[in-house]
Amino acid sequence: MFNDISPAPADPILGLTEAFKADTNPNKINLGVGVYKDASGATPILSCVKKAEATLLETEKTKGYLPINGSAGYAKGVQGLLFGADSGLVAVGRVATAHTPGGTGGLRVGAEFLKKFRPDAKIWMSNPTWANHKGVFGSAGLELASYPYYCAETRGLDFEAMLAALKAVPAGDIVLLHVTCHNPTGVDPTVEQWQQIAEVAGEAGWLPFFDFAYQGFGVSVEEDRKPLELFAAKGLEFVVASSCSKNFGLYNERVGGFSLVGHSAEAVSAAFSHVKSVIRTNYSNPASHGGAIVDTILASAELTQEWLGELAEMRDRIKAMRGVLVAGLQQRGVDMDFGFIERQNGMFSFSGLSDEAVATLQADQAIYIVKGGRINVAGITPGNADYLCDAIAGVLK
């Protein structure tokens, strides 16, 4: 039965990484894949993670299955990150959280749950959005639609068009919202704009589905969750797919969550029983190790402070590299103003580079960038910044 199957198209990001690995150019740079890199170009293991793993090695007593939704300790930790340790929402049982295989697993669990109870609903995504969103939600059977988001002329948020489109989304449909560090643009709404979006959600009656993949990479853990707090303060129902893979540096542990917020503890309990049914028929229950690391860190005041410090170092390095790139291009006499890159948040940036420039950089300089010009700023290091700026300046002059 397999003889007549044609190869599937390569993933636009992971396929780029495969090409990068095969490239023999010693100066090659990968600005495509969305993982944090330190100043040496490595994806480090955080010190707090090493300490948590040492604790687990000494104290872990079983390798038995976790419950379908994962451990209670991990769920409590995630809810604290999303809503704050003293959240009234959590205290009254209006939130339930499942440990999922990464943020992508959280998206898929949420997609299948919502398809079950809102089979005719469309899911509205920002234009542009993370490339895999369409695959995740489309494969779950949800109909896809989009709303305006990025303005190419201003290199910023097209907020008026976005808000007008969200007002027209039918009640009962689903709207996917990036909480912070929008992927791929790096452009986020302000707190005041989030307030308006929350008001529209309440008036229009659509369900917010938050993708919270990069908490702590924007401003801080507390500031980055403000959109969730605004929606919660309005008493709205919503769901959240979140990730601890990025901000704890646990990429290969695939640590994420799916959280459901309802009007009452009873409603949440009933709905969450179906979330668990979705999980049971998919991967049955989550892997333990990554979640146990997060739980161990967040349960320790000392390790939590160490983690927040290491997260701040990652965030500050990314911001510094934004400045290095902008200054480097300016110094080389590039006519285009790249200052917008410093106004963006998180690892990603819509660089303004054309597809033609992207192709030339890959072919001539072994610089790998996703089609559309999205770059991972964390891939820029003190060691490759001059080479990168020289190459970009070369294709733009």
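Read on for a plain summary of the structure. (Residues numbered from 1 in each chain as written. Predicted model: local features only at pLDDT ≥ 70, side-chain atom pairs only at ≥ 80, totals over all residues. Heavy atoms only, no water.)

1. Overview of the packing of helix H13 (residues 301–331) against helix H16 (residues 385–396)
For the record, the criterion: Every axis corresponds to a line fitted to the C-alpha atoms, with the helix fit spanning only the stretch in contact, and the corresponding angles, defined between N-to-C directions, vary from 0 to 180 degrees. The numbering of helices and of strands both runs from the N terminus, where a helix is a DSSP run of H or I of at least 4 residues and a strand a run of E of at least 2. Put simply, angles under 35 degrees are roughly parallel, angles over 145 are roughly antiparallel, angles from 65 to 115 are roughly perpendicular, and the rest are oblique. Note: crossing handedness is left-handed where the near helix turns anticlockwise from the far helix by less than a right angle, and right-handed where it turns clockwise. Whether two residues are in contact is decided by their heavy atoms, any of which lying within 4.5 Å being enough. In this classification, Asp, Glu, Lys and Arg are treated as charged, Ala, Val, Leu, Ile, Met, Phe, Trp, Tyr, Cys and Pro as nonpolar, and every other residue, Gly included, as polar.
Contact pair H13 / H16: the axes reach a minimum separation of 9 Å and the direction vectors enclose 50°. Between H13 and H16, the angle is such that the two are oblique. The hand of the H13/H16 crossing is right-handed. Mapping the contact onto sequence places Val324, Leu325, Gly328 and Leu329 in H13 and Ala385, Leu388, Cys389, Ile392 and Ala393 in H16. When its residues are assigned to classes, the contact of H13 with H16 shows 8 nonpolar, 1 polar and no charged.

2. Thoughts on the pairing of strand E4 (residues 143–148)
Defined as follows: Two strands qualify as a pair provided DSSP detects at least 2 bridges between them. With its strands directed away from the observer, a crossover is right-handed exactly when the path from the first strand over the helix to the second travels clockwise.
In terms of strand pairing, strand E3 (residues 122–127) meets E4 through 6 bridges, oriented parallel. Across the sheet, residue serine 126 finds its bridge partner in E4, namely tyrosine 147. This β-α-β element, E3 to helix H6 (residues 131–139) to E4, shows right-handed connectivity.

3. Here we look at a nonpolar patch on the surface
For the record, the criterion: Patch rule: a residue counts if its relative accessible area is over 30% and it has no salt bridge; like charges are joined within 9 Å, and nonpolar side chains (Val, Leu, Ile, Met, Phe, Trp, Tyr) within 5 Å. All accessible areas in this document rest on Shrake-Rupley with a 1.4 Å probe, and a residue is counted as covered only by the protein chains that are shown. The rule for a salt bridge is simple: a side-chain nitrogen of Lys or Arg has to be within 4 Å of a carboxyl oxygen of Asp or Glu.
On the surface, Met1, Phe2 and Ile5 cluster together into a nonpolar patch covering about 450 Å² of accessible area. Relative to the assigned elements, phenylalanine 2 resides in the segment before helix H1 (14–22).

4. Comments concerning the environment of leucine 260
Stated precisely, the cut-off is as follows: Residue burial is assigned from relative accessible area. The probe radius is 1.4 Å, only protein chains are included, and a residue is buried under 20% of its type maximum, exposed over 50%, and partly exposed in between.
The residue leucine 260 is located in strand E10 (residues 255–261) in this model. Exposure remark for leucine 260: the relative accessible area of 6% places this residue in the buried category. C-alpha separation for the pair leucine 260 and arginine 317, spaced 57 residues apart in sequence, amounts to 33 Å. Apart from the residues within four sequence positions on either side, leucine 260 is in contact with Arg94, Val95, Ala96, Phe113, Phe238, Val239, Val268, Ala271 and Val275.

The values reported here are purely geometric and, on their own, carry no functional implication.
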